[in-house]
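Descriptive analysis of the structure
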Amino acid sequence: WESTEPGSTFKLASLLVGLEDGKIDTAQMVDTENGIYTIYGKHVRDSNVKNGQGGYGRISVAEAFRVSSNTGIVKAVYGAYKDSPQEFVDQLYNMGLQRKTGIKIKGEKAPSIPTPKDKNWSGLSLPWMIFGYEVSFTPLQMLAFYNAIANDGVLVKPQIVTSISRHGHKEETFEPEVLNPSICSKETIKQLQALLKGVVERGTATNIYSDKLEMAGKTGTCQLNYWTGKPEYQASFAGYFPANDPKYSCIVVINKPKYDLGYYGGTVAGPVFKTIAEEVYLSMPELIVP
C-alpha cells in the first residue's frame, strides 16, 4: 500500500513520453557538463558528482539513460516540455499511470502525478518529476508499468490467483484483465526495451550481467526525507527476464539500506533481482535454452 517517490526507475516513463511525442530521440546528444544542472536556483545532480568525477560530458540520451544521468535525462526531456508541461502530464495520464492497479488487496494507494493545475505546482515540478521526484507510486504500480514494456505495450491488472478449486475441480477461473491495450506505439516500446537491455549490458547494472540469462531493467536510487538533510535512501531495480522473450517481471525495493555499505539501486537491489531471476530461471526448464 505504501507509496514513495520512485527515483530513477521513473525515467523510463519520462523517456516514453518524449519518444512517443517525437520531441526527443535516443541518439540526441546532451551535455551533462560538470554533472550539475541548475534550475531556478536548485540543482539536479549526477551521482558521480559525489566522487569528484562530475558529469559524463556530452553523451546521447540513450547513454544518459544507461548510466542514469539525472542531468542528461532532465535536460533532454525538460528542454522539450518546459513550455508545455501539461502536455507531458497528459501523456502520463493517457497511459493510465495515475490509476490504481485494482489488485484485490485492500489498501492500495492511488499514484500521485501532479499537474500544472495543482496549487502547489511550481517551476521545479516538471524537472523533478522527470527523474522520479514529486511523483509517488507503490512498487506494484511501478512494476505494472515495467511489465507493460515487457508485454509489448499491454498493461494488465496484477492477479493473485488464476483459479479456485474444490476437491480437485476448478470452480472459478480468472482471466487476465487488460487495463490498457497499448500504452504507446510499438516503435517506442522497442526503443525502451533496447534501453533496458543496455542498462544491464553496459550501464548501471553491469554487475548483474549474466551469460546464462539475459535480463533487462533499470536501477533506481531515491533520497528519502531529503528536506531533513539526513542521508536516507531507497534502492530499487525494476525489470524482466529473459530480455528477448520476457516471461517474468520483477521489482526489488530496499528501504533505507545501510548507508556505509552502499545504497545505490545497482549495488543493493540489482543483485537481489539477479538472484530471484536465476532461481526462477533454473526452476523453469522450458526457459532454459540448450
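Refer to the structure above for everything that follows.
The text that follows walks through the structure, step by step, so that each part is easy to find. (Residues numbered from 1 in each chain as written. Predicted model: local features only at pLDDT ≥ 70, side-chain atom pairs only at ≥ 80, totals over all residues. Heavy atoms only, no water.)

1. So, the nonpolar core
- In this structure, Leu15, Phe88, Leu92, Phe145, Ile149, Ile183 and Phe273 are the most contacted members of the largest nonpolar core, which totals 75 residues.
- The element best represented in this core is helix α6 (residues 139–150), accounting for 8 residues.
- What Leu15 contacts, discounting residues up to four positions off in sequence, is Ile24, Val61, Phe65, Ile73, Val77, Leu192 and Leu195. (Core = buried A, V, L, I, M, F, W, Y, C linked by side-chain atoms within 4.5 Å. Buried < 20%, exposed > 50% of the residue type's maximum accessible area, 1.4 Å probe, protein only. Helix = DSSP H or I, 4+ residues; strand = E, 2+ residues; numbered from the N terminus. Contact = heavy atoms within 4.5 Å.)

2. Remarks on the pattern of salt bridges
- According to the stated counting rule, one finds 11 salt bridges in the structure shown.
- Measuring nitrogen to oxygen at the nearest pair gives 2.4 Å for the salt bridge that ties Lys75 to Glu33. Residue Lys75 is located in helix α3 (residues 70–81), and its partner Glu33 is located in the loop between β1 (29–31) and β2 (36–39); the two are separated by 42 residues in the primary sequence.
- Residue Glu33 is classed as partly exposed on the basis of its relative accessible area, which comes to 45%.
- Its salt-bridge partner being Arg166, residue Glu171 comes within 3.0 Å of it at the nearest N-O pair. (Salt bridge = Lys/Arg side-chain N within 4 Å of Asp/Glu carboxyl O.)

3. Quick look at the sheet that holds strand β11 (residues 248–255)
- If you trace the 3 strands from one edge of the open sheet to the other, you get β9-β10-β11, paired in antiparallel fashion. If you trace the sheet from one side to the other, it starts and ends with β9 (216–224) and β11, each paired once. The average undirected angle you get between the axes of adjacent strands in this sheet is 10°.
- As paired strands, β9 and strand β10 (residues 232–241) are joined by 9 bridges and run antiparallel to one another. By the bridge assignment, Gly220 is partnered in β10 with Ser236.
- Together, β9 and β10 form the strand contacts of helix α7 (residues 186–202), whose direction differs from that of β9 by roughly 75°. (Pairing = 2+ DSSP bridges. Axes fitted to C-alpha atoms, helices over the stretch in contact; angles between N-to-C directions.)

4. Describing the pairing of strand β3 (residues 42–45)
- In the sheet, β2 pairs with β3 via 4 bridges, with the strands oriented antiparallel. Bridge assignment links Ile39 to a residue of β3, and that residue is Lys42.
- A loop of 2 residues connects β2 with β3, the two strands running antiparallel in sequence, and Tyr40 in this loop sits at a positive phi of about 50°.

5. Quick word on the environment of Leu140
- Looking at the element boundaries, Leu140 is found in helix α6.
- In the structure, Leu140 is positioned 118 residues away from Lys258 in sequence and 24 Å away in space, judged by C-alpha atoms.
- Look past the residues within four positions of Leu140 in its chain and what remains in contact with it is Thr101, Ile103 and Pro158.

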